[in-house]
Amino acid sequence: MQYIYSFKEGDRNMKETLGGKGANLAEMTKIGIPVPQGFTITTDVCDLYLKQNGYPAGYNETFEKYIKELEDEANKCFGDCENPLLVSVRSGAAVSMPGMMDTVLNLGLNDKTVEGLIKKTGNKRFCYDAYRRFVQMFGDVVLGVSHDLFEEALNHAKIKKGVTNDTDLDAEDLKNLVAEFKKIIKENTGEDFPEDSKKQLNMAVEAVFNSWNNQRANTYRRINKITGLKGTAVNIQTMVFGNMGESSGTGVAFTRNPSDGINEFYGEYLINAQGEDVVAGIRTPNKIDELEKCMPEIYKQLTGIRKTLEDHYCDMQDIEFTIEQGKLYMLQTRNGKRTATAALKIAVDMVEEGRITKEQAIKRLNPEQLDQLLHPMLDPKAEKKVIAKGLPASPGAAVGKVVFTADEAYEWAKERDEKVILVRKETSPEDIHGMHAAQGILTSTGGMTSHAAVVARGMGKPCVAGCGAMHVDYPNKKFSIGDVEVKEGETITLDGALGQVILGEVPTIEPELTSDFQKIMSWAKEMKKMGVRTNCDTPQDAKVARDFGAEGIGLCRTEHMFFDETRIKNMREMILAKDTEGRKKALEKLLPYQKEDFKGIFRAMDGLGVTIRLLDPPLHEFLPQKDEHIEELALEMDFPVSQLKAKISSLHEMNPMLGHRGCRLGITYPEIYEMQVKAIIEAAIEVSAEGIVPVPEIEIPLVSSVNEFTYLKDRLKKVVDAYEGKINFPYKFGTMVETPRCALIADEIAKYAEFMSFGTNDLTQMTFGFSRDDIGKFLSDYIDSGILEVDPFESIDQNGVGKLMQWTVEKGRQANPEIEIAICGEQGGESNSVKFCHKIGLNYVSCSPYRVPIAILAAAQANLE
């Protein structure tokens, strides 16, 4: 096994081995783009190092060989000498994880090599600026000393000098900071800063490997469902310096606009700075097109490289560059993170430009990202009090209560169920969990390519960055903009598209979908094989879903209709009835309501199948539980309080999800299901007279025995038969597969059922033995420990629940080749689950209306794989 590759040895097809950064550095080298030379330690080494707490045999000798080659190429030496080789140590996994793992720059500096660098460059200020940056970064990343301690010392030095910017400190100030930083390290670690360059390098490589399992990296992988990777590669690269004066600089750019997808060069740069100054958001940078004025030749070269890279990769690229004394170097290229709007526009434009095919456009999109486009936006006609404007770093509307730390954002959102806006001076990778929990992010510094902007765009979170008018006061948990003061817990609104900070809550409206969205959806529909339906209970939701492309209703939950205030009284009257006749009398009052509901849904889904699940939840859910509410109901229904409490108590179950619900209710109280079937058939008869084509599919829930199904089907079929001569539409009887036993006897049930639909919420619950209402108490422990990769209620557990599903399909179709088999749990709208459903041969998936486009795109991708 080869453990190390020089940039001249690899290429872009080696991401699994070299990581994305290493593979693309090698590819840029290969096509003649100026890249500072270096080498990549593979992900295999990381994997072995973390598993055995050490390096594989032969690694150290190979490492020394590649260091020597780098010295020879640079004509410098690594270690104590007058012409020192300085390097960067940077992470790079196979999947881009911006800012989540560790980086160390300017490595190799110590008290001796800094003097050699001064002699070589004649620029004492630059050398001590590089040195203080290195000590700070090494102390933070490698030795675990708080970044804030170094920042406090830096701010103190600027205050003492009476200046605002780091660039205003002179060589002597920076030299004193180096000494102060080393003192901070000694005080916090009990150890001196390591002066030996080789020791520094070994410690930095190990720190990058160990950062694979740091909290922010684990959180990022969990949020983005990144699994199955070996670890991170490590790139050792010759340093080039953007902080060598006014002829030097650094920047980050995108070959197209990552917010809206417009084909324009989009980015930022700083003169006399290093890369982390742009990304960390500590200084607000200049727009990339301003570089043309101060460095026209560099800008011309950079725009040429922009075109070369986009032509080569056929995708929008995110690039990093450094200018060292008038010479341009490229430090990175990767497929750029982008918003959903930008992703669709770039895909459509590249098809129309002839760069990629429609199939390639569909395959490269992330279905889950479409969710960003389908949520409300700020009402442009609403009154709003704009208190400040920053940079429109990531579009979208966000409303929430202000919090000032990532931990608070996470706690308020998860434990209090509050919508929050995370307000920071600037964000760092450690804030990833709070950024994910927040509705939006607001920062006082940083630009369009800062950490906050890049991560927010990747998450689809609205972000306003670089709001310079805002003063953030962490100790007092407030921020101020002029005379306006906003405290923790007060509500603000962010307009990420305009960069506006608005006091209070602004009303929202439904989003407007672009022509790019419509084109992508039309292409996806042509390419998919599996059907996509929706889960909905109202004509309004049915229309929304059909407009999105739903091909029917896969789950209509009839119990939701009973909770309406005009019907709940009749439902309760039925539950409290003393005998069958009393129940039938109450049900007769409910029948007209049910019938009207079904008529509305049949009209909305004219000609398409509508799967209607008969009553599923236990009856106690329709009755109050608190004493004051029980007393109110007793008074309203003229029912003795003591008897009402006794009835409620009699319905109590130790585990209601495994209790008297679903088909079990239908067997005990068949009159309930009979009323519902009457309503379904009568509604269908009446709308068919209007020229509508109803296609009712009657679903019996929670079946575990073929006898349960046949008992109820036979009884309900008699209800349908009573309308003989009036029925001119197709109808079906089927069941939900919610229990493992139902899956295991699918061949028996399939002889009598015309369709089966997986209720994966219950099926997952019963297969794992997890309560879906209580799993939240320990799920994070399972995921953080690696016991589970993802929440099994969010994405199908393919090795367990999935095997039951596959068994059901195989056995069901052996017994009844014509049977229709589908899924109607919310996992039917999760992209990985959709692809699994395609793989095992389901007829369709069904999901909530706003996830229909996600399912359509995922189904198309599944068919193209």
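Not measured: the values here are computed from a predicted model.

Quick notes on the rules
- Residues numbered from 1 in each chain as written.
- Predicted model: local features only at pLDDT ≥ 70, side-chain atom pairs only at ≥ 80, totals over all residues.
- Heavy atoms only, no water.
- Helix = DSSP H or I, 4+ residues; strand = E, 2+ residues; numbered from the N terminus.
- Rg over C-alpha atoms; globule rule 2.2 N^0.38 Å.
- Contact = heavy atoms within 4.5 Å.
- Lys, Arg positive; Asp, Glu negative; His and termini not counted.
- Charge placed at Lys NZ, Arg CZ, Asp CG, Glu CD.
- Patch = residues over 30% accessible without salt bridge, like charges linked within 9 Å, V, L, I, M, F, W, Y side chains within 5 Å.
- Areas by Shrake-Rupley, 256 points an atom, 1.4 Å probe, with all protein chains shown as cover.
- Salt bridge = Lys/Arg side-chain N within 4 Å of Asp/Glu carboxyl O.
- Buried < 20%, exposed > 50% of the residue type's maximum accessible area, 1.4 Å probe, protein only.
- Core = buried A, V, L, I, M, F, W, Y, C linked by side-chain atoms within 4.5 Å.
- Pairing = 2+ DSSP bridges.
- Axes fitted to C-alpha atoms, helices over the stretch in contact; angles between N-to-C directions.
- Polar contact = N/O pair within 3.5 Å; in protein donor to acceptor, adjacent residues only side chain to side chain.
- Phe/Tyr/Trp six-rings, centres within 6.5 Å; stacked < 30°, edge-to-face > 60°.
- Lys NZ or Arg CZ within 6 Å of the ring centre and 35° of its normal.

(A) Representation of the overall build of the protein within the structure. Counting its secondary structure elements, the protein contains 34 helices and 31 strands. Relative to the globule expectation of 29 Å for 865 residues, the C-alpha radius of gyration of the protein, 32 Å, shows essentially globular dimensions. Dimensions of the protein along its principal axes, counting C-alpha atoms only, are 100 × 60 × 50 Å. Contacts in the protein between residues at least 24 apart in sequence constitute 69% of all its contacts with a sequence separation of at least 6. Positive and negative side-chain charges of the protein, numbering 104 and 131 respectively, have mean locations separated by a distance of 2 Å.

(B) Fine view of a negative patch on the surface. The grouping of Glu264, Asp289, Glu290 and Glu292 at the surface amounts to a negative patch. Secondary-structure assignment places glutamate 264 in the loop between β6 (249-254) and β7 (266-271).

(C) Molecular detail of the pattern of salt bridges. Following the criterion strictly, the structure yields 60 salt bridges and no others. Among the salt bridges present, the one from lysine 8 reaches glutamate 73, with a minimum N-O distance of 3.1 Å. You can see lysine 8 sitting in the loop between β1 (4-6) and α1 (15-30) and its partner glutamate 73 sitting in helix α3 (residues 59-74), a full 65 residues away along the chain. A salt bridge links glutamate 794 to lysine 225, with the shortest nitrogen-to-oxygen separation between them at 3.0 Å. With glutamate 794 in the loop between α31 (779-784) and α32 (801-815) and lysine 225 in the loop between α9 (215-223) and β5 (232-238), the pair connects residues that are 569 residues apart, well separated along the chain. Each of Arg256, Lys307, Glu310, Asp311, Glu353 and Arg355 takes part in a single network of salt bridges with overlapping partners.

(D) Quick look at helix α4 (residues 113-121). Those residues of α4 that sit buried are Thr113, Val114, Gly116, Leu117 and Ile118. On its buried side, α4 packs onto α5 (124-141). Positive phi appears at glycine 122, one or two residues downstream of α4, with a value of about 70°.

(E) Structural context of the nonpolar core. Judged by nonpolar contacts, the single largest core of 212 residues is most densely connected at Ile41, Val89, Leu201, Met805 and Leu842. Counting residues per element, this core draws most heavily on helix α26 (residues 670-688), at eleven residues. Discounting residues that sit within four places of it in the chain, leucine 201 has contacts with Phe63, Ile67, Phe78, Val87, Val89, Leu107 and Ile236.

(F) Structural view of the sheet that holds strand β3 (residues 87-93). Spatial ordering of the open sheet is given by β1-β2-β5-β3-β4, a layout of five strands whose pairing is antiparallel. At either end of the open sheet lies a strand with only one pairing partner, and these are β1 and β4 (103-107). Between one strand axis and the next, the sheet turns by 20° as a mean value, whatever way the strands run. Against the sheet, helix α8 (residues 197-210) contacts β2 (38-41), β3, β4 and β5, and its axis sits at roughly 145° relative to β5.

(G) Structural context of the side chain of asparagine 535. With respect to the helices, strands and loops of the structure, asparagine 535 is situated in strand β24 (residues 531-535). Classification of asparagine 535 as buried rests on a relative accessible area of 4%. Within polar-contact distance, the side chain of asparagine 535 engages the backbone oxygen of cysteine 824 at 2.8 Å. Leaving out residues up to four positions away in the same chain, asparagine 535 has contacts with Gly554, Leu555, Arg557, Cys824, Gly825, Glu826, Ser846, Cys847, Ser848 and Pro849.

(H) Quick look at the packing of aromatic side chains. Inspection of every chain in the model, using the stated rule, returns 23 aromatic pairs. When the centroid spacing of 6.5 Å and the interplanar angle of 65° are considered together, the rings of phenylalanine 404 and phenylalanine 479 count as edge-to-face. Within this pair, whereas phenylalanine 404 is found in the loop between β14 (397-403) and α15 (406-415), its partner phenylalanine 479 is found in strand β19 (residues 478-481), the two being separated by 75 residues in sequence. Relative accessible area serves as the criterion here: at 1%, phenylalanine 479 is assigned to the buried category. A network of ring pairs unites the aromatic residues Phe39, Tyr49, Tyr55, Tyr59, Phe63, Tyr66 and Phe209 as a single cluster. Taking the ring centre of tyrosine 66 as reference, the NZ or CZ of lysine 65 above it sits at 4.4 Å. Over the face of the ring belonging to tyrosine 844 we find arginine 533, whose NZ or CZ atom lies 4.1 Å from the ring centre.

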